[in-house]
Every structure is written in structure tokens, then in C-alpha cells.
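Observations on the model geometry
Listed here are the chains, written in short residue letters.
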Amino acid sequence: QVQLVESGGGLVQAGGSLRVSCAASGRTFSDYVMGWFRQAPGKEREFVAGISQSGASTKYADFVKGRFTISRDNAKNTGYLQMNSLKPEDTAVYYCAAKTIGNNWDRVISYDYWGQGTQVTVSQ
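Described in the following lines is the structure provided in the data block. (Residues numbered from 1 in each chain as written. Predicted model: local features only at pLDDT ≥ 70, side-chain atom pairs only at ≥ 80, totals over all residues. Heavy atoms only, no water.)

What the rule picks out here adds up to one disulfide. The disulfide that involves Cys22 links it to Cys96, with 2.0 Å between the sulfurs. Between Cys22 and Cys96 the sulfur-sulfur dihedral comes to about 60 degrees; the bridge is accordingly right-handed. Taken together, the residues Cys22 in strand S3 (residues 18–26) and Cys96 in strand S9 (residues 92–99) connect sequence positions 74 residues apart. Under the relative-accessibility criterion, Cys96 is labelled buried at 0%. (Disulfide = S-S within 2.5 Å. Helix = DSSP H or I, 4+ residues; strand = E, 2+ residues; numbered from the N terminus. Buried < 20%, exposed > 50% of the residue type's maximum accessible area, 1.4 Å probe, protein only.)

Right, here's the structure in full:
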């Protein structure tokens, strides 16, 4: 199995940028599809972005296209989510997740491993 630890969250003004990271340990990181999800208070956890094991393929939720970029460095066992042009509605706890097989990158239920989350707060 793999353990995931997010970092890099914080408080940023609207229009600003932030990069969150996901450090993996345990099994080989490159065996896993990685996804980023977020959950705002009172709302369900939602898909933000996903990236294939090699990093060659990515997928984004419509509401972050053109603003967020997912990437990974398998040599460092770390994944990233670069967030630009942040909006107050992006405020949420951001989670990274990993899965070994299958499609459905945008479904919470398809992921096997989750980090503890990192808070991102975007002020007006």
C-alpha cells in the first residue's frame, strides 16, 4: 500500500497562486494513478484533477481548466497541484488520492488511498 501526505496549503488572496504537494511512501509511486479532490464545508468531496502513472495523461474538472495544473515527479515520489487565478469558491480541504487500476479518475469511490488533506483558503 501507499501512504500519502499533503502539504502546501494556506491562505491566499483571490487571484493569487498556491502549489500543494503530495508526498508518497510505501509502494512504488509510479504504480499509481494520482488524483486531487477537494471538499468544502457542507459539500461533497469533488474531483479536481487526475494524472496517469507516467504523467503522460491528465484530466481536469471543468471548473479548474486553464487555472490548475497537475503534475508528478516519480523520482521524488511526489505529486503536485499548481493552482493559479484562485477564487474564493476554491476554498476547501484538498486531498490527494491514489489508485492502481481502472478508469473513472473522477470518482471518489475508485481510489484506494487518501491523504489527510490540506486546507486552502482564498480570501476576497
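Text resumes after the structure shown.
This brings us to unusual backbone geometry. Of note, the phi angle at Asn77 is positive, near 55 degrees, even though the residue is not glycine. Relative to the assigned elements, Asn77 resides in the loop between strand S7 (68–73) and strand S8 (78–83). Of note in the backbone geometry, Ser85 takes a positive phi value of approximately 50 degrees without being a glycine. Counting through the fold element by element, Ser85 comes out in the loop between S8 and S9.

Bringing the packing of aromatic side chains into the picture now. Here a ring pair, both rings aromatic, is described through the centre-centre distance and the interplanar angle of the planes. A complete count under the given rule lists six aromatic pairs for this structure. Consider the rings of Phe37 and Phe47, whose centres lie 5.6 Å apart with planes at 75 degrees: the pair is edge-to-face. With a gap of ten residues between them, Phe37 in strand S4 (residues 33–39) and Phe47 in strand S5 (residues 46–51) connect regions that are remote in the sequence. Residue classification places Phe47 among the buried residues on the basis of a relative accessible area of 9%. Put simply, the rings of Phe37, Phe47, Tyr95, Tyr111 and Trp114 touch in pairs and so form one group of aromatic residues. (Phe/Tyr/Trp six-rings, centres within 6.5 Å; stacked < 30°, edge-to-face > 60°.)

This next bit is on the sheet that holds strand S1 (residues 2–7). Taken in spatial order, the four strands line up as S1-S3-S8-S7 in an open sheet, and their pairing is antiparallel. Edge positions in the sheet fall to S1 and S7, since each of these pairs with one other strand and no more. Across the sheet, the mean angle separating the axes of adjacent strands is 15 degrees when strand polarity is ignored. Where S1 meets S3, six bridges bridge the pair, whose relative direction is antiparallel. Bridge assignment links Gln3 to a residue of S3, and that residue is Ser25. (Pairing = 2+ DSSP bridges. Axes fitted to C-alpha atoms, helices over the stretch in contact; angles between N-to-C directions.)

Now for the pairing of S9. Across the eight residues that make up S9, a large majority, seven, are buried. Bridge count between S4 and S9: seven bridges; the pairing is antiparallel. By the bridge assignment, Trp36 is partnered in S9 with Cys96. Both S9 and strand S11 (residues 118–123) contribute to a ladder of three bridges, which runs antiparallel. The partner of Ala92 across the bridge, within S11, is Val120. Pairing of S9 with strand S10 (residues 113–114), which is carried by two bridges, proceeds in the antiparallel orientation. Within S10, the residue paired with Ala97 across the bridge is Trp114.

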